Structures are given as structure tokens and as C-alpha cells.
Amino acid sequence: MHKNKGFGVEEKIRVGIINYLNTRPLLYGLQFPPITEKIDLIEDVPAKLAELLLNDQIDIGLVPVAITQKLPQYYINGNYCIGAIGDVASVCVFSQVPLEQVEKIYLDYQSRSSVALCRWLIKNHWKIRPEIVDARSESFVDEIKGTTAGLIIGDRALQQRPKFEYIYDLAGEWKNATGLPFVFAAWVSTRKLPDHFIAEFDKANAYGLDHLDEVIARIPEGIYDLKKYYSQDLSYTLDEEKRKGLDRFLKILSAPV
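Computed from a predicted structure; not experimentally measured. (Residues numbered from 1 in each chain as written. Predicted model: local features only at pLDDT ≥ 70, side-chain atom pairs only at ≥ 80, totals over all residues. Heavy atoms only, no water.)

With respect to the overall build of the protein
Here is step 1 of the chain: For the protein, the count of helices and strands is nine helices and eleven strands.
Here is step 2 of the chain: Computed over the C-alpha atoms, the radius of gyration of the protein is 18 Å, within 12% of the 18 Å expected from 2.2 N^0.38 for a compact globule of 257 residues.
Here is step 3 of the chain: Per-residue burial over the protein gives 54% buried out of 257 residues.
Here is step 4 of the chain: Restricting to contacts in the protein with at least 6 residues of sequence separation, those with at least 24 account for 83%.
Here is step 5 of the chain: For the protein, the exposed area adds up to about 12100 Å²; of that, 48% sits on carbon and sulfur atoms.
Here is step 6 of the chain: The centroid of the 31 positive side-chain charges in the protein is displaced by 5 Å from the centroid of its 35 negative side-chain charges. (Helix = DSSP H or I, 4+ residues; strand = E, 2+ residues; numbered from the N terminus. Rg over C-alpha atoms; globule rule 2.2 N^0.38 Å. Buried < 20%, exposed > 50% of the residue type's maximum accessible area, 1.4 Å probe, protein only. Contact = heavy atoms within 4.5 Å. Areas by Shrake-Rupley, 256 points an atom, 1.4 Å probe, with all protein chains shown as cover. Lys, Arg positive; Asp, Glu negative; His and termini not counted. Charge placed at Lys NZ, Arg CZ, Asp CG, Glu CD.)

Below you can see the structure in the form of C-alpha cells.
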């Protein structure tokens with residue numbers, strides 16, 4: 001049984017990271033020494049990583065920020081995140097008709113933050129009243145037709161882009177609604193991690209962002225313009241404006257429905 005309450009010198013810190021294309025630049029630097037000697041990497045989809053953090057099966061995770069509402073205490077670590085200052089390309093509502101004609105929307109089962117953001121946009125920004133269905137499996141993608149739309153996230157969203165006439169980008173819509181950038185996932189822990197570890201962890205995150213050509217070279221071609229995705233659509237620095245956007249979103253999540 002892993003007991004890492006005190007983060008001793010010899011114990012590796014369990015790091016959970018989303019296994020989507022959007023995390024590859026951050027993941028890249030975590031695969032080289034010296035940080036590899038101090039961590040165990042666990043890759044999974046966002047919602048699963050959130051469960052691992054809740055159940056104390058990882059020490060720090062790049063998890064959907066909505067999970068913080070379920071944690072008795074939490075720390076947001078370092079200076080990097082999965083964020084966007086405008087359209088993000090990989091978190092979108094896809095439809096064959098304009099939003100005002102949509103009668104049903106399926107919500108992706110892989111991320112709590114994106115679902116929470118979509119529900120907020122439906123009610124407060126788009127001001128539409130479709131039937132909302134929480135998807136349970138991948139089959140929901142086949143239901144997106146006619147007046148039925150669907151929220152799809154991650155690599156699958158990038159693959160769907162050529163197939164639909166109407167694409168509503170959640171990060172762009174949030175920016176339109178609030179004027180703020182959006183943070184989808186951050187490095188969250190339930191206990192304070194050593195400052196020296198976080199400093200080294202930040203350096204490892206920065207390494208991949210400084211070597212994007214190497215990151216892209218390891219990924220099969222044809223999915224999307226990854227140079228654009230990593231340098232324009234996504235914004236990885238957890239700066240002051242993103243922290244403001246994050247605070248605004250967390251306040252929305254904690255408000256009574």
C-alpha cells in the first residue's frame with residue numbers, strides 16, 4: 001500500500017496526467033531526468049484522474065478544475081495549466097443546426113469541468129432550453145444529428161471538426177461571456193507538496209513547451225494542425241488573467257443552483 005503522507009525522500013510522487021493530445025507538451029518534459037527519478041506517471045481521461053485524486057490514489061493530477069469542489073482542501077500547484085485565451089478547438093458543441101434550433105444536447109462523460117461550463121453557457125449565455133443528456137458511453141457521438149447536438153472534448157473533438165457545420169467552442173464562448181480566459185485543468189493536489197519539487201516540476205513542464213517541434217514529431221500526422229493547437233489554440237501559462245478566469249468559474253460552480 002502506498003503511503004505518501006509526508007513525501008519522504010525515497011518515495012516517488014504519483015502524478016496523474018490526462019492522456020489527450022493537449023497535455024503532450026507538459027508530459028514531454030516529465031519523461032526525462034531528473035524529474036523521472038521522483039515521480040510515477042499515471043495517464044487516464046480527465047474524469048478518471050479526478051476520481052484517483054479524490055480517492056488518494058495520486059498525489060497530484062492535471063485534473064478538471066471542477067473537481068476542486070469535491071475536495072475538502074486542495075492546492076493548485078505551479079505555473080502551468082490546460083487553458084485558452086480564446087477558441088480552444090478541442091472542447092466544442094457540435095451540431096447540424098444553429099443552437100437556437102437544438103432540442104437536445106448530449107454532454108461528454110470524460111470531463112466534469114467542460115460539462116459544468118457547457119451547462120452554464122446553455123443557461124446564462126446562450127439562453128436556450130434543450131433537453132440535456134449526460135452521455136454514459138462513446139455511442140453518444142452517433143446521436144449527434146438533426147436537432148440533437150453534443151459536447152465532445154479532447155482528441156475526439158479535433159477529429160469531429162470537419163463533420164459538422166455548426167461548432168460552438170466553449171473556451172471562446174466563455175471569453176465572449178466573461179471577457180476572461182478559461183482554465184480547463186490545473187495541477188491539483190490535496191496536500192501541500194515540497195516547494196523544491198514544484199520548482200523542478202515547473203521546469204519539466206516548461207521543457208516541453210520550449211521543444212514543441214520535438215513533441216509534435218512524436219505524434220502521428222493528420223489529426224489536426226498541432227503547431228497551431230499547441231501555440232495558438234491552447235495557452236499553458238497559469239498567469240494572472242487565467243487565475244481570474246479560474247476564480248470566476250470556481251465561484252460559479254460553488255453558487256447555489
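Points about the packing of helix H3 (residues 112-125) against helix H5 (residues 170-178)
Here is step 1 of the chain: One can describe the packing of H3 onto H5 by two numbers: an axis separation of 11 Å at closest approach and a directional angle of 45 degrees. Judged by the angle between their axes, H3 and H5 are oblique. The chirality of how H3 crosses H5 is left-handed. Taken together, the residues of H5 that come into contact with H3 (itself represented by Ser114, Leu117, Cys118, Trp120, Leu121 and His125) are Leu170, Glu173, Trp174, Asn176, Ala177 and Thr178.
Here is step 2 of the chain: Split into classes, the residues belonging to the contact of H3 with H5 amount to seven nonpolar, four polar and one charged. (Axes fitted to C-alpha atoms, helices over the stretch in contact; angles between N-to-C directions. Parallel < 35°, antiparallel > 145°, perpendicular 65-115°, else oblique. Left-handed = near helix turned anticlockwise from the far one by under 90°. Nonpolar A, V, L, I, M, F, W, Y, C, P; charged D, E, K, R; others polar.)

Some words on the pattern of salt bridges
Here is step 1 of the chain: Counting across every chain of the model gives 14 salt bridges.
Here is step 2 of the chain: The salt bridge partner of Arg191 is Asp59, with a shortest N-O separation of 3.4 Å. Note that Arg191 is positioned in the loop between strand E10 (182-189) and helix H6 (195-209) and Asp59 in the loop between helix H2 (46-54) and strand E3 (60-64), a separation of 132 residues in sequence. Each of the two residues, Arg191 as well as Asp59, counts as buried.
Here is step 3 of the chain: Asp195 is the salt-bridge partner of Lys192, the closest N and O atoms lying 3.0 Å from each other. (Salt bridge = Lys/Arg side-chain N within 4 Å of Asp/Glu carboxyl O.)

A word on the environment of Ser137
Here is step 1 of the chain: Its location among the elements puts Ser137 in the loop between strand E7 (131-134) and strand E8 (148-153).
Here is step 2 of the chain: The spacing of Ser137 and Asp87 is 50 residues in sequence and 26 Å in space, taken between C-alpha atoms.
Here is step 3 of the chain: Within the local environment of Ser137, its side chain forms a polar contact with the side chain of Ser139, the two groups lying 2.9 Å apart. (Polar contact = N/O pair within 3.5 Å; in protein donor to acceptor, adjacent residues only side chain to side chain.)

A look at H3
Here is step 1 of the chain: Taking 1.5 Å of rise per residue, the 14 residues of H3 would be expected to cover 20 Å, and the 19 Å separating its terminal C-alpha atoms lies within 8% of that figure.
Here is step 2 of the chain: Every buried residue of H3 is accounted for by Ser113, Ser114, Val115, Ala116, Leu117, Cys118, Trp120, Leu121 and Ile122.
Here is step 3 of the chain: One or two steps after H3, the chain reaches Lys127, where phi turns positive at roughly 55 degrees. (Expected span 1.5 Å × (residues − 1).)

Brief notes about H5
Here is step 1 of the chain: Among all positions in H5, only Leu170, Ala171, Gly172, Glu173, Trp174 and Thr178 are buried.
Here is step 2 of the chain: The residue sitting at the N-terminus of H5 and contributing the capping side-chain oxygen is Asp169; that oxygen lies 3.1 Å from the backbone nitrogen of Ala171.
Here is step 3 of the chain: One or two residues past the end of H5 sits Gly179, with phi positive at roughly 80 degrees.

Comments concerning the state of the cysteines
Here is step 1 of the chain: A complete count under the given rule lists zero disulfides for this structure.
Here is step 2 of the chain: In this structure Cys92 is a free cysteine whose sulfur lies 10 Å from that of Cys118, the closest cysteine sulfur available.
Here is step 3 of the chain: When its relative accessible area of 0% is taken as the criterion, Cys92 is described as buried.
Here is step 4 of the chain: On the basis of relative accessible area, Cys118 is assigned to the buried category, the value being 0%. (Disulfide = S-S within 2.5 Å.)

Some words on the pairing of strand E1 (residues 13-18)
Here is step 1 of the chain: Across the six residues of E1, six count as buried, placing the element largely inside the fold.
Here is step 2 of the chain: Burial of E1 is two-sided: the residues Ile13, Val15 and Ile17 facing one way and the residues Arg14, Gly16 and Ile18 facing the other way are all buried.
Here is step 3 of the chain: Relative to strand E2 (residues 39-44), E1 runs parallel, the two being bridged by six bridges. Within E2, the position partnered with Arg14 by the bridge is Asp40.
Here is step 4 of the chain: Strand direction decides the pairing type here: E1 and E3, joined by two bridges, are parallel. Bridge pairing in E3 links Gly16 to Gly61. (Pairing = 2+ DSSP bridges.)

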